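# Structural overview
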Amino acid sequence: QVQLVESGGGLAQAGGSLRLSCVASRRIFSSYAMGWFRQAPGKEREFVASISGNSLSTEYANSVEDRFTISRDNGKNTVYLQMTSLKPEDTAVYYCAAHYSFLQLRSAPRYWGQGTQLTVSS
């Protein structure tokens, strides 16, 4: 079982930046691919970004590529989502997710965090 705890959400201005963090409970954190998803009000949860266990592979949704950066610190069991040039449409609950397989993470995450709210005002 992997427990994930997100933090760093809040209120941001359009054009601003914010960093989300997700701490995982497992000591073998480096074996898991990690990712971020988001769910806006009235919409389905969608993929945002993912990173492999060794950080060699990353993937981004088209809507956030060039604005968001995913990274991880395996020594701290933590994955980050650095968000820049924020837009009101980035407003959502952001969820951290994990899967043993990087290829399967985007379509079928195995573990979820509880989510952190990001609100971007115009």
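This structure is a prediction, so every number in the text was calculated from the model and none was measured.

Thresholds, definitions, all that
Residues numbered from 1 in each chain as written. Predicted model: local features only at pLDDT ≥ 70, side-chain atom pairs only at ≥ 80, totals over all residues. Heavy atoms only, no water. Helix = DSSP H or I, 4+ residues; strand = E, 2+ residues; numbered from the N terminus. Rg over C-alpha atoms; globule rule 2.2 N^0.38 Å. Buried < 20%, exposed > 50% of the residue type's maximum accessible area, 1.4 Å probe, protein only. Contact = heavy atoms within 4.5 Å. Areas by Shrake-Rupley, 256 points an atom, 1.4 Å probe, with all protein chains shown as cover. Lys, Arg positive; Asp, Glu negative; His and termini not counted. Charge placed at Lys NZ, Arg CZ, Asp CG, Glu CD. Pairing = 2+ DSSP bridges. Salt bridge = Lys/Arg side-chain N within 4 Å of Asp/Glu carboxyl O. Axes fitted to C-alpha atoms, helices over the stretch in contact; angles between N-to-C directions. Disulfide = S-S within 2.5 Å.

### Focus: the overall build of the chain
If you tally the helices and strands in the chain, you get 1 helix and 11 strands. When its helices and strands are written in sequence order, the chain yields β-β-β-β-β-β-β-β-β-α-β-β. The C-alpha radius of gyration computed for the chain amounts to 13 Å, which stays within 12% of the reference 14 Å derived for 122 residues, consistent with globular compactness. In terms of overall dimensions, the chain has a C-alpha envelope of 40 × 25 × 25 Å along the principal axes. With 122 residues in all, the chain has 47% of them scored as buried. Within the chain, counting contacts between residues at least 6 apart in sequence, those at least 24 apart form 59% of the total. Surface summary for the chain: the accessible area is close to 6300 Å², and the carbon and sulfur share equals 45%. Computing the positive centroid from 12 side-chain charges and the negative centroid from 9, the chain places the two 8 Å apart.

### Describing the pairing of strand β9 (residues 92-99)
Of all 8 residues making up β9, 7 are buried, and the element is well covered by its neighbours. Sheet topology places strand β4 (residues 33-39) next to β9; 7 bridges connect them, and they run antiparallel. Among the inter-strand pairings, alanine 33 is bridged to a residue of β9, identified as histidine 99. The pairing of β9 with strand β11 (residues 116-121) spans 3 bridges and is antiparallel. Across the sheet, the residue bridging to alanine 92 is leucine 118, located in β11.

### A look at the pattern of salt bridges
Scanning the entire structure with this criterion turns up 4 salt bridges. Here arginine 67 and aspartate 90 are joined by a salt bridge, their closest N and O atoms 2.8 Å apart. Taken as a pair, arginine 67 in the loop between β6 (58-60) and β7 (68-73) and aspartate 90 in the loop between β8 (78-83) and β9 lie far apart in primary sequence, 23 residues in all. For the pair arginine 67 and aspartate 90, a shared accessibility class is recorded, and that class is buried. If you follow the salt bridges from partner to partner, you end up with Arg38, Glu46, Arg67 and Asp90 in one network.

### Here we look at the sheet that holds strand β3 (residues 18-24)
Read across the sheet, 4 strands follow the order β1-β3-β8-β7 without closing on themselves; strand pairing throughout is antiparallel. Pairing within the sheet leaves two strands with one partner each, and these edge strands are β1 (4-7) and β7. Taking the axes of each pair of neighbouring strands and ignoring which way they run, one obtains an average angle of 15 degrees across the sheet. Of the strand pairs in this sheet, β3 and β8 are connected by 6 bridges, and their pairing is antiparallel. Bridge pairing in β8 links arginine 19 to glutamine 82.

### What about the state of the cysteines?
Taken as a whole and judged by the stated rule, the model has 1 disulfide. The partner cysteine of cysteine 22 in its disulfide is cysteine 96, sulfur to sulfur 2.1 Å. Its S-S torsion of about -80 degrees marks the bond between cysteine 22 and cysteine 96 as left-handed, since a negative value means left-handed. In this pair, cysteine 22 sits in strand β3 while cysteine 96 sits in strand β9, placing the two residues 74 residues apart along the sequence. No difference in accessibility class separates cysteine 22 from cysteine 96, as the two residues are buried.

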